[in-house]
Structure formats: C-alpha cells, structure tokens
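Each chain, written out:
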Amino acid sequence: MTYQHVQMPASGEKISVSGDTFSVPENPILGYVEGDGIGPDITKACLRVWDAAVERAYDGNRKVHWAELYMGEKAAGIYDGDYFPAETLEAIKDLTVAIKGPLTTPVGKGFRSLNVALRQSLDLYACVRPVRHYAGVPSPLKEPQKVDVVFFRENTEDVYAGLEWQSGSDDNKKLAKFLREEMDADFFEDAGLGVKPISEFGSKRLVRKAIQYAIDNGRESVTLVHKGNIMKFTEGAFREWGYEVAKEEFGDITITEDELWEKHDGKRPEGKIVIKDRIADIMFQLMLLRPDDFDVIATMNLNGDYMSDAAAAEVGGIGIAPGANMADNIAVFEATHGTAPKYADQNKVNPGSLLFSGVNMFEYLGWPEVAQQINKAYEKVLADKVVTYDFARNMTGAKEVGTSQFADALIEKIQSGAAD
Ligand code: NAP
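How each quantity is defined
- Residues numbered from 1 in each chain as written.
- Predicted model: local features only at pLDDT ≥ 70, side-chain atom pairs only at ≥ 80, totals over all residues.
- Heavy atoms only, no water.
- Helix = DSSP H or I, 4+ residues; strand = E, 2+ residues; numbered from the N terminus.
- Rg over C-alpha atoms; globule rule 2.2 N^0.38 Å.
- Buried < 20%, exposed > 50% of the residue type's maximum accessible area, 1.4 Å probe, protein only.
- Contact = heavy atoms within 4.5 Å.
- Areas by Shrake-Rupley, 256 points an atom, 1.4 Å probe, with all protein chains shown as cover.
- Pairing = 2+ DSSP bridges.
- Near = heavy atom within 4 Å.
- Polar contact = N/O pair within 3.5 Å; in protein donor to acceptor, adjacent residues only side chain to side chain.
- Nonpolar A, V, L, I, M, F, W, Y, C, P; charged D, E, K, R; others polar.
- Axes fitted to C-alpha atoms, helices over the stretch in contact; angles between N-to-C directions.
- Left-handed = near helix turned anticlockwise from the far one by under 90°.
- 1 Å grid on protein atoms, 1.4 Å probe; cavity = no way out; pocket = protein on both sides within 12 Å on 5 of 7 lines; lining within 4 Å.
- Points joined across faces, edges and corners; volume = space filled by probe spheres on them.
- Phe/Tyr/Trp six-rings, centres within 6.5 Å; stacked < 30°, edge-to-face > 60°.
- Lys NZ or Arg CZ within 6 Å of the ring centre and 35° of its normal.

Here we come to the overall build of the protein chain. Counting secondary structure elements, the protein chain contains 14 helices and 17 strands. Since a compact globule built from 420 residues should have a radius of gyration of about 22 Å, the 22 Å found for the protein chain is in line with a globular shape. Taking the principal axes of its C-alpha atoms as reference, the protein chain extends roughly 70 × 60 × 50 Å. Out of the 420 residues belonging to the protein chain, those deemed buried represent 53%. Taking the contacts inside the protein chain whose residues are at least 6 apart along the sequence as the reference set, 72% of them involve residues at least 24 apart. Accessible surface for the protein chain amounts to roughly 19300 Å². Of this, 49% is attributable to carbon and sulfur atoms.

In structure tokens:
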C-alpha cells in the first residue's frame, strides 16, 4: 500500500496475522497518533519512556519502529480539513496495533465523535480498561491495592448505537404511533425515543473475549454486570448469553458461582474460572466495599462507560487510567481522558493514561518485560514523590514536575537498573 502522507519507517517489520493468531517480530512497526490538546505533550513523553523500557528489557535486541498516523486537528492540517483520513484507517488495519492520544471532536463536521467513528470503522467491539492501583498513587480508598480489575465494555451496541428520535420530530411521531397502536406501548406524548439493541452475536463475542483474557492472564473470575432484573430482553439476555458462551465454549475451564457453592463449598478448584453475575447498581457499591471480589468484568456499553470511570477514580482517576479498543486482530490503545485544551502545550499534565495504555500494549504484544520495567520505574518515581500537578494537589511533600520531567524521572530509573 502506498500512502500519501504516512511515512512507514525505513526499517522494522509489520506484525503478521494468520487466522486467530498474530506474530510479533523483534522490530515491529507500530502506529501512533499524537492526538490533540495535551496529546503531543503526553505522546512525546511516553514514546521516550517506552523506547527506554524496550531497550533496557531486551538489551537492545528488540526495538519498536514507530509510524506516525494522523487523526484530529493535525490530520485536518495535513489532509486539507479531513479529520479522519482514510489512509489512517488503512494503516491501522495494516499494522494491526496502534496507540493514540486524545482527540478533539470537531463541532458540526459530520462526526458524532472521532473515537466513535474509529471504533465503528474498524468494528473495535471491545473496550478493554484495566484498573489497578500503583503504590503511592493518591486514592480515596483505605485499601486501594485491592483494586485490580479489567473491564470489557461492549463498544458497538446498547443505547450508544445512535438509534434515537427527537421529541416532536416526524420520525419520532411515526415510531410513537407504531409503538402505541401496534405494540400496545404507553408513554408520555412528548417523549424522546431511543432503542437499545443488545444482540446474541454482540454479547457473546464480548464475553468470549473477556473469558479468553481471563484464561490467558491467569485471572480467577469473570463477572457479567447487567440490569437484567428490569431490562429483561436486553440486559437480562446479555447475562443469559454470557453464561451460555462460558458453558458451550469454555465448559472445561469455567464453573458458575452456583456450581462453586453447590459442588465445591465456595472454594474455587485450581485452574477454574468462576463465572458470576451482578446487577449494575449494586456493583457500584461492591467495587468500593469489596473490590477484590472482582477480576474481569464483562458488561454492555452504558454500564461499562460509567463503571470503568468510577473504578478509575478509586485508584488515581482518569489522568492515569489506560484503555484499548479491540477487534479480533486489531488493537488501538488509547488515553482514556480527553484533550484537556486548557493545559495544551504547557508540559503540565500526567502522561499516566497513555503510558499505561502502552504498558497494556506491550503485554498484548507478548513483551511483559517492558511492562514490568515501566510499572516498577513508576512506583519508584512515585516513592520519590515526583509527580505531576494532579497528584501533587492530593499529596503532602510532593515534588511537582512537568510531563517531560516526569518522563525523565522514569527513564532515569529504567536506565539505572532500578526497575530491573
Ligand atoms: P478532559 O479533556 O478529559 O479533561 C477534563 C479534566 O480532567 C481536565 O481539566 C483535568 O482536570 C483532568 N485531566 C484530563 N486529562 C488529564 C491528564 N492527562 N492529567 C491530569 N489531569 C487530566 O475532558 P473534557 O474537558 O470534557 O474534554 C475536552 C475534549 O476532549 C473534548 O473535545 C472532548 O470531546 C474530548 N475527549 C476526547 C476523548 C478521547 O479522545 N478519548 C475522551 C474524552 C473527551 P483538572 O482541570 O481538574 O486539572
């Protein structure tokens, strides 16, 4: 494929994909999108840290070759006003792994959101957000170290599918008439109307991915979160389909919570993954009071959106919460916060969200030694109380530094061997 503006690095190899598996060379080409607002500050800082960690972890025998891809305002400047160039999409498909900073959504340019457009165009159906505590990060919990959970949020369905009709519009009236006359539905005259599609296909592929993740990462349970007591044929169905996929496709390695108590007196048999479910409202309480009950959580779009931000707040907030959007063989890792325009180009904000999205990216690539370098260096830097402004305001005795100085401190720990 020839690109107009994307420059693939002269050296390095693409990740190769064959069926369900992919193979990562020693010198992979990975894509990155700098992003808007604070994006350039955090991206520049993180690229330096990731490269230093790879160099240290493999003694120079492995190296990432980065290809810059364009979306958002930078793309608009290069591609004559196009915020979402087709060749960026092609490059992501070609490279299969990319990482991106936050993007401004252009107002009135035909996109609901660039992120939503990206997810839809590549059918990135799983939003994966690991939430864990790093020693030294300020937290409102007494025992934040008990939080270590990975959210799998369905990305394509639910009330986020964009199926809604404004109160008073012709389409709204048409639908309201059908619902009243044909479906015996009753609601106020001036109600805005929306549809919540939850399919067997969409639910099962999400839960399948969550269970596979639990298997690959030695996790002990997968919790299906739903509001099926009220929304029986959507959220309730998600729960049923989740249990079905566990039984039909992973029956040898999963047991339900009922079986756990009926047959094993509540003690998880070695090597088994417990599949359980919880109702969404009580989950918000349980995540605060008994966070160590949860390991992997699979849920629908709206629940996942609320719940993953709430969980992130338990361990440092969105400034350090990582995320990724995944299809079966494409993964786009991303900062979960926005562009924080008031801090753009000030070398001020916390690079943690993008940094840890990178950590997850290296784990996904099968390079856990890089992840370990960064995680350890991070805890050492925090132990020195070297932090960006957002943590400084919640800590006593903090040494506040800018984004790039925070990266310098991490690199110093990595290069000195303090994170080995
Ligand atoms: P935001 O950019 O996430 O910023 C909200 C607040 O969160 C900031 O003012 C700051 O809090 C804190 N924050 C965010 N990132 C931080 C970081 N790296 N370090 C420390 N603190 C951080 O949300 P927004 O102001 O609502 O949205 C701004 C733009 O971002 C909008 O155009 C929106 O569409 C877009 N957006 C993009 C994405 C994405 O690309 N994934 C996601 C969400 C929003 P304090 O002011 O308290 O310091």
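Structure shown, so let's carry the discussion forward.
The next point concerns helix H3 (residues 86-95). Looking only at H3, the buried set comprises Glu87, Thr88, Leu89, Ala91, Ile92 and Leu95. Just downstream of H3, threonine 96 is the residue with a positive phi angle, here 70 degrees.

Turning our eyes to something else, we now look at unusual backbone geometry. Phi at aspartate 158 is positive, roughly 75 degrees, even though this residue is not glycine. In this fold, aspartate 158 is placed in the loop between strand E7 (148-154) and strand E8 (164-165). Backbone geometry places alanine 340, a non-glycine residue, at a positive phi of 35 degrees. The exposure class assigned to alanine 340 is partly exposed, which follows from its relative accessible area of 27%.

All right, on to the pairing of strand E10 (residues 221-226) then. Among the six residues of E10, six are classified as buried, and the element is accordingly described as predominantly covered. What you see with E10 is no split at all: Ser221, Thr223 and Val225 on one side and Val222, Leu224 and His226 on the other are buried throughout. Inspection of the sheet shows E10 paired to strand E12 (residues 273-279) by six bridges, in the parallel sense. The residue bridging valine 222 from the neighbouring strand is isoleucine 275, located in E12.

What follows is about the site of the ligand. Residues in close proximity to the ligand total 22 residues, the closest being Leu103, Asn115, Gly338, Ala340 and Tyr389. Within the contact set of the ligand, an oxygen atom lies 3.0 Å away from a backbone nitrogen or oxygen of threonine 339. Protein coverage of the free-state accessible area of the ligand, which is 880 Å², stands at 67%. Its residues assigned to classes, the shell around the ligand comprises 10 nonpolar, nine polar and three charged.

A pair of packed helices is captured by two measures, namely the crossing angle of their axes and the spacing between those axes. Where helix H1 (residues 39-58) contacts helix H12 (residues 368-383), the two axes come as close as 8 Å, and the packing angle between them is 120 degrees. Seen from above, H1 lies across H12 with right-handed handedness. Seen from H1, the contacting residues are Val49, Trp50, Ala53, Val54, Arg56, Ala57 and Tyr58; seen from H12, they are Pro368, Glu369, Val370, Gln373 and Ile374.

By volume, the largest pocket is sized at about 820 Å³. The element best represented in the lining of the largest pocket is helix H6 (residues 200-216), accounting for six residues. By residue class, the composition of the lining of the largest pocket is 12 nonpolar, six polar and seven charged. Residue lining of the second largest pocket: 27 residues in total, with Asn115, Val116, Arg119, Arg153 and Glu334 positioned closest to the centre. Broken down by secondary-structure element, the contributors of at least two residues to the lining of the second largest pocket are helix H4 (114-121), strand E6 (126-132), helix H10 (301-314) and strand E15 (331-335). The greatest single-element share of the lining of the second largest pocket, amounting to four residues, is contributed by H4.

Pairing within the open sheet is mixed, and its 11 strands lie in the order E4-E3-E5-E15-E14-E6-E7-E13-E10-E12-E11. The outermost strands of the open sheet, each flanked by one partner alone, are strand E4 (65-69) and strand E11 (254-256). Looking at each pair of strands side by side, their axes are set apart by 25 degrees on average, direction ignored. Of the pairings in the sheet, the one linking strand E3 (residues 29-33) to E4 comprises five bridges and is parallel in character. Within E4, the residue paired with valine 33 across the bridge is leucine 69. This element, H4, spans strand E5 (97-100), E7, strand E14 (322-326) and E15 of the sheet and lies at about 165 degrees to E15. Against the sheet, helix H7 (residues 232-250) contacts E10, E11, E12 and strand E13 (296-299), and its axis sits at roughly 155 degrees relative to E10.

Aromatic rings considered in pairs are described by the distance between their centres and by the relative angle of their planes. All chains considered together, the criterion is met by 13 aromatic pairs. Ring geometry for tyrosine 343 against tyrosine 389: centres 5.0 Å apart, planes inclined by 50 degrees, an arrangement best described as tilted. Here tyrosine 343, found in the loop between E15 and helix H11 (352-365), pairs with tyrosine 389, found in helix H13 (residues 389-392); they are 46 residues apart in sequence, far enough to count as distant. By relative accessible area, tyrosine 343 is classed as buried at 16%. The class of tyrosine 389 is buried, set by a relative accessible area of 13%. Three or more aromatic residues joined by ring pairs form one cluster here, namely Tyr134, Phe356, Tyr378 and Phe406. Over the face of the ring belonging to tyrosine 58 we find arginine 62, whose NZ or CZ atom lies 4.4 Å from the ring centre. Just above the ring of phenylalanine 187 sits the side chain of arginine 180; from NZ or CZ to the centre is 4.3 Å.

A full pass over the atoms with the stated rule returns one cavity of 30 Å³ or more. Of the volumes computed, that of the largest cavity is approximately 50 Å³. As for the largest cavity, its lining consists of Val147, Val149, Met287, Pro291, Phe294, Ile297, Ala311 and Glu314. Its residues assigned to classes, the lining of the largest cavity shows seven nonpolar, no polar and one charged.

All quantities given are derived from atomic positions and should not be read as evidence of function.
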